[in-house]
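Below, each chain spelled out in residue letters.
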Amino acid sequence: MAKRRIPIDDGRAALSAVRAGSTARTEVATAVRYLLEELAERAPGNTVEVRVPPYGATQCVSGPRHTRGTPPNVIETDAETWIALACGDVGWSTAIGDSRVVASGSRAVLTGLLPLVREYPVEAETLEA
């Protein structure tokens, strides 16, 4: 498994900023790379390549490994769609149906691996008597 390059706290901070509306290139890049690293950590392997140009790519999902040339299972999308998929704001089928994701190869599917992060509402603090 590849070593993380984006510290988790930095990745979460960038993701929060982007979800709050930031379009700063550095924050978008950090959020995308953080989520790609999360995917690779949760589904280690080299069967599927996920690309989010121009920010990054990762290989994931166990199974047959390719060694040369273009991998047979490739998923490509833009940063906005990748973040939406990873956060559960859009489903895999919807993204494919809307042509927001291009997937080629019989194993180029991330159903069951997404979302990577979920936001839970902050529970109200209870006051002690």
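Scroll up for the structure.
Predicted model, so just to flag it, every value in this text is computed and none were measured.

*Asks:* Provide a residue-level description of the overall build of the protein chain, including the pertinent values.
*Replies:* A count of helices and strands for the protein chain gives four helices and four strands. If you list the helices and strands of the protein chain from N to C, you get α-α-β-β-β-α-α-β. Here the protein chain, with 129 residues, has 39% of them falling under the buried criterion. Taking contacts inside the protein chain between residues at least 6 apart in sequence as the whole, the part at least 24 apart equals 53%. When the accessible area of the protein chain is evaluated, it comes to approximately 8000 Å², of which 49% is carbon and sulfur surface.

*Asks:* I'd love a proper account of helix α3 (residues 79-87), names of residues and values included.
*Replies:* Most of α3 sits out of view: eight of its nine residues are buried. If you check which residues of α3 are buried, you get Ala79, Thr81, Trp82, Ile83, Ala84, Leu85, Ala86 and Cys87. Against α1 (8-19), α2 (25-42), β1 (48-52), β3 (74-77), α4 (92-97) and β4 (101-104) lie the buried residues of α3. One side-chain oxygen of the residue at the start of α3 lies 3.1 Å from the amide nitrogen of Glu80, identifying that residue as Asp78. Immediately beyond the C-terminal end of α3, within one or two residues, lies Gly88, with a positive phi of roughly 80 degrees.

*Asks:* Any details on the nonpolar core? Residues and values, ideally.
*Replies:* Membership of the largest hydrophobic core comes to 36 residues, with the highest contact counts inside it found for Val32, Leu35, Val50 and Trp82. Residue assignment for this core shows that the elements contributing at least two residues are α1, α2, β1, α3 and α4. Per element, the largest residue contribution to this core is eight residues, and it comes from α2. Beyond its immediate sequence surroundings of up to four residues, Val32 is in contact with Val52, Tyr55, Ala79, Trp82 and Ile83.

*Asks:* Account for the sheet that holds β3, naming residues and giving values.
*Replies:* Read from one edge of the open sheet, four strands run β2-β1-β3-β4, paired in mixed fashion. Of all strands in the sheet, those with a lone pairing partner are β2 (56-60) and β4, marking the two edges. Averaged over all pairs of adjacent strands, the angle between their axes in this sheet comes to 15 degrees, without regard to strand direction. Inspection of the sheet shows β1 paired to β2 by five bridges, in the antiparallel sense. Each residue of the ladder has a partner; that of Val48, found in β2, is Cys60. Sheet strands in contact with α2 are β1 and β2, and its direction is about 5 degrees off that of β2.

*Asks:* An account of the environment of Arg118 is needed here, citing residue identities and associated values.
*Replies:* Within the secondary structure, Arg118 sits in the segment after β4. With 30 residues separating them in the primary sequence, Arg118 and Gly88 have C-alpha atoms 6.8 Å apart.

Reading guide: rules and limits
Residues numbered from 1 in each chain as written. Predicted model: local features only at pLDDT ≥ 70, side-chain atom pairs only at ≥ 80, totals over all residues. Heavy atoms only, no water. Helix = DSSP H or I, 4+ residues; strand = E, 2+ residues; numbered from the N terminus. Buried < 20%, exposed > 50% of the residue type's maximum accessible area, 1.4 Å probe, protein only. Contact = heavy atoms within 4.5 Å. Areas by Shrake-Rupley, 256 points an atom, 1.4 Å probe, with all protein chains shown as cover. Polar contact = N/O pair within 3.5 Å; in protein donor to acceptor, adjacent residues only side chain to side chain. Core = buried A, V, L, I, M, F, W, Y, C linked by side-chain atoms within 4.5 Å. Pairing = 2+ DSSP bridges. Axes fitted to C-alpha atoms, helices over the stretch in contact; angles between N-to-C directions.

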